[in-house]
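Below are the chains, spelled out letter by letter.
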Amino acid sequence: MKAYAMVLEEFNKPLKMKEFELMSPTDGKLLVKIEAAGVCGSDVHMFRGNDPRTKLPMILGHEGVGRVYAISGQWRDINGEKIQEGDLIIWDRGVVCGRCYFCAVKKESYLCPHRWTYGISVSCAEPPYLRGCYSEYIYLHKDTKVIKIKENVAPEILVSASCSGATCAHAFDIVSPDFGDSVLIQGPGPIGLYAIIFAKLRGARNIIVIGGTKERLKMCEEFGATHVLDRNSTTAGQRQEIIMDITNGRGVDLAIEAVGHPSAVSEGIKLVRNGGSYLSLGFGDPNGSVTLDCYYDIVRKNLRYQGVWVSSTKHLYMAVNVVLQNRELFKKMITNVYKLTDATKALEDMENRNTIKSVLKP
């Protein structure tokens, strides 16, 4: 039996469709038929050669939902549910060792030095080849954590939970706003949309989004943003004045950077109140540096500046449940659906922000 996948062989060149021999899974693996694969901004970074983890040739795609096709060994999901052929599942994109200092002692598995990620850090040059979601099938390693989806739900609305949702859940697991707090979100993409939902769930009163794409800002309002500021029609000074007015001159309690650009950090830090928190989620690849005044921007404000790197299975679980409780909203997030063979166009549209969330359907 044959399986087809879109392969990145050269940076900045169109992905090529390749044929792979499909074998029965062995050594405790799970063979999954992909139902939907998310196109993430991180995929664009790899496509352009900006992510140092990329190992060519590679099948991109770390956001996937699929149905179990064949099983080697006994599999149960994180809830103890037995996994059987035909089950709809979503899986943790990162596989960790479970034995190192970060996994076993600090319980921060996202920092595991042995962590590897489907569609990001494994080449398709060696067996079992199919380790990315831009494919008809994928082999899941025996140490992969999976969640069985028992609800009747369209698979495509869940794909973003694998990355944007889980990473955002990680952020709110680190810092949770109090009821009545003000939250600033820089970036109206998928991470920003998840941040709106999490901020609402945690009781934020004011949810302010800064972005430059009108369609995305409109969707932010649908998700529950109380204020949206178009950076193309306002200056940084005007945005600061508006935010200070909203927050009684204090600044926001929590700001979330979901842009991945140094200019966002420079602006956002100054919009946080004394004693507030600034969480940076958007840097998925090396993208420059920023100069901060350590006295005025950090120490004098008693500011908490926290980086948020990927996620753990706990965060995937949180994100999946958020999606399942807000299905109609997350259905709106999917603005473009492509055939697997149109993966290159999907990447280009994501890069040009012609879409909010794109999905490949094999």
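Since the structure is predicted, the reported quantities are computational estimates derived from the model, not experimental observations.

Q: Mind laying out the overall build of the chain, listing which residues take part and the relevant values?
A: Looking only at helices and strands, the chain features 11 helices and 18 strands. In summary, the chain has a C-alpha radius of gyration of 20 Å against a globular reference of 21 Å for 362 residues, a match within 12%. Counting all 362 residues of the chain, 57% fall into the buried class. The long-range fraction of contacts in the chain, counting pairs at least 24 apart against all pairs at least 6 apart in sequence, stands at 69%. On the chain, roughly 15600 Å² of surface is accessible, and the fraction owed to carbon and sulfur atoms is 47%. Side-chain charges of the chain comprise 45 positive and 40 negative groups, with the mean position of each set lying 3 Å from the other.

Q: I'd like a rundown of the packing of aromatic side chains, residues and numbers included.
A: To describe a pair of aromatic rings, you give the distance between the ring centres and the angle between the ring planes. The full count for this structure, using the stated rule, is nine aromatic pairs. The interplanar angle of 85° and the centroid separation of 5.4 Å between the aromatic rings of Y278 and Y305 together place this pair among those described as edge-to-face. Highlighted residues: Y278 in strand 15 (residues 272–280) and Y305 in strand 16 (residues 304–307), separated in sequence by 27 residues. With relative accessibility at 35%, the residue Y305 sits in the partly exposed group. Seen from their ring centres, Y295 and Y296 are 4.9 Å apart, and the 85° between their planes marks the pair as edge-to-face.

Q: If you had to explain the sheet that holds strand 12 (residues 206–211) to someone new, which residues and values would you point to?
A: If you trace the six strands from one edge of the open sheet to the other, you get 13-12-11-14-15-16, paired in parallel fashion. Across the chains shown, the open sheet's two edge strands, defined by having one partner strand only, are strand 13 (227–230) and strand 16. Here the strands of the sheet are splayed against their neighbours by 15° on average, with no regard to which way each runs. Both strand 15 and strand 16 contribute to a ladder of four bridges, which runs parallel. The residue of strand 16 that forms the bridge with S280 is G307. Against the sheet, helix 3 (residues 164–174) touches strand 14 (252–257), strand 15 and strand 16, its axis set at about 150° to strand 16.

So, how was this worked out
Each chain has its residues counted from 1, following the order in which its sequence is written. For a predicted model such as this one, the threshold for reporting local features is a pLDDT of at least 70, and the threshold for listing and counting side-chain atom pairs is 80 or more; totals across whole chains, interfaces and linings nevertheless cover every residue. Calculation of side-chain values draws on the structure's entire complement of heavy atoms; hydrogens and water are dropped beforehand. Comment: elements are numbered from the N terminus, with helices defined as DSSP H or I runs of at least four residues and strands as E runs of at least two. For this measure, only C-alpha atoms enter the radius of gyration; the expected value for a globule follows 2.2 Å times N^0.38, where N is the number of residues. Throughout, exposure labels follow a simple rule: accessible area from a 1.4 Å probe, protein chains only, divided by the maximum for the residue type, with under 20% read as buried, over 50% as exposed, and the rest as partly exposed. By definition, residues are in contact when any of their heavy atoms lie within 4.5 Å. Surface accessibility in these figures is a Shrake-Rupley result with a 1.4 Å probe; residues are shielded only by whichever protein chains are displayed. Residues scored as charged are limited to Lys and Arg (positive) and Asp and Glu (negative), so that His and the chain ends carry no count. A charge is said to be at NZ when it belongs to Lys, at CZ for Arg, at CG for Asp and at CD for Glu. Centre distance within 6.5 Å is the pairing criterion for rings of Phe, Tyr and Trp, where only the six-membered ring of Trp is used; planes under 30 degrees apart are then read as stacked, over 60 as edge-to-face, and the remainder as tilted. A pair of strands is treated as paired once DSSP finds two or more bridges between them. As a rule, the C-alpha atoms of each element are fitted with a line to give its axis, helices using only the stretch in contact, and angles between N-to-C directions run from 0 to 180 degrees.

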